[in-house]
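The chain contents come next:
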Amino acid sequence: MKTYLLPSLKLTLILVVILAGLYPLAIAGIGKFTPGHGDGETIQLKGRTVGYANIGQKFTKDEYFWPRPSAADYKADASGGSNKGPSNPDYLKDVEKRIQDFMKKNPGVTRAEIPAELVTASGSGLDPDLSPAGAEIQIARIARARHISAHQVDEIVEAHIEKPLLGIFGPPKVNVLKLNVALDELK
């Protein structure tokens, strides 16, 4: 028994030091080189923090870009999906309502043109980004609500498209909070 117990205790102690001590310190150190220095990238408007770049927020007014729906109602402490499968009648009813609401507020947009991300909730419920197509389909509504040209809104979208990491990792995306802050800065 002694031949197994002592090596097991040594291995446990070594792994505790590495996995509970050194690894978290290394990750925290790497985080200091990221935007926000490991504390999250805050978004400012007129010198006031309005949110974090990596946490989705609820926008429902016509003059703003709408984010991806959230099963957690955009509550960071309740992050999670709905756990409803694609054949669940309640889920299908929710998606259909989102499609109808979107089409009502965006006249001229057909059902087939609506990107799935605008009517289906994400796994975390806190997605901060949309695809460029998800932002572009909202341009006409926002321009109309803000009484500005669609070209101005399109320029904001184009300026905020984030390319894939190293040109290959992930799809292009647009941060909804950054877009909406850029719209408010037009005033």
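Thresholds applied
Residues numbered from 1 in each chain as written. Predicted model: local features only at pLDDT ≥ 70, side-chain atom pairs only at ≥ 80, totals over all residues. Heavy atoms only, no water. Salt bridge = Lys/Arg side-chain N within 4 Å of Asp/Glu carboxyl O. Helix = DSSP H or I, 4+ residues; strand = E, 2+ residues; numbered from the N terminus. Buried < 20%, exposed > 50% of the residue type's maximum accessible area, 1.4 Å probe, protein only. Pairing = 2+ DSSP bridges. Contact = heavy atoms within 4.5 Å. Axes fitted to C-alpha atoms, helices over the stretch in contact; angles between N-to-C directions. Parallel < 35°, antiparallel > 145°, perpendicular 65-115°, else oblique. Left-handed = near helix turned anticlockwise from the far one by under 90°. Polar contact = N/O pair within 3.5 Å; in protein donor to acceptor, adjacent residues only side chain to side chain.

**A word on the pattern of salt bridges**
At step 1: Applying the stated criterion across every chain yields a total of ten salt bridges.
At step 2: Lys 105 is paired through a salt bridge with Asp 62; the nearest N and O atoms lie 3.5 Å apart. Highlighted residues: Lys 105 in helix 2 (residues 89–105) and Asp 62 in the loop between strand 2 (48–52) and helix 2, separated in sequence by 43 residues.
At step 3: With relative accessibility at 39%, the residue Lys 105 sits in the partly exposed group.

**Comments concerning the pairing of strand 2**
At step 1: Here strand 1 (residues 42–45) runs beside strand 2; their pairing, made up of four bridges, is antiparallel. By the bridge assignment for strand 2, Leu 45 is matched with Arg 48.
At step 2: In textbook terms, the turn of a hairpin is the stretch between consecutive antiparallel strands, and for strand 1 and strand 2 this stretch comprises two residues, one of which, Lys 46, has a positive phi near 55°.

**Observations regarding the side chain of Asp 184**
At step 1: Note that Asp 184 resides in helix 6 (residues 176–185).
At step 2: The class of Asp 184 is buried, set by a relative accessible area of 13%.
At step 3: Ignoring anything within four residues of it in the chain, the contact list for Asp 184 reads Leu 45, Tyr 64 and Arg 146.

**Structural notes on the packing of helix 4 (residues 139–146) against helix 5 (residues 150–159)**
At step 1: At a minimum axis separation of 8 Å, helix 4 and helix 5 run at an interaxial angle of 125°. Between helix 4 and helix 5, the crossing angle belongs to the class labelled oblique. As helix 4 packs across helix 5, the resulting crossing turns out to be right-handed. Listed contacts from helix 5 to Ile 139, Ile 142 and Ala 143 of helix 4 are Ala 150, Val 153, Asp 154 and Val 157.

**Here's the deal with the side chain of Arg 146**
At step 1: Relative to the assigned elements, Arg 146 resides in helix 4.
At step 2: Within polar-contact distance, the side chain of Arg 146 engages the side chain of Asp 184 at 2.9 Å.

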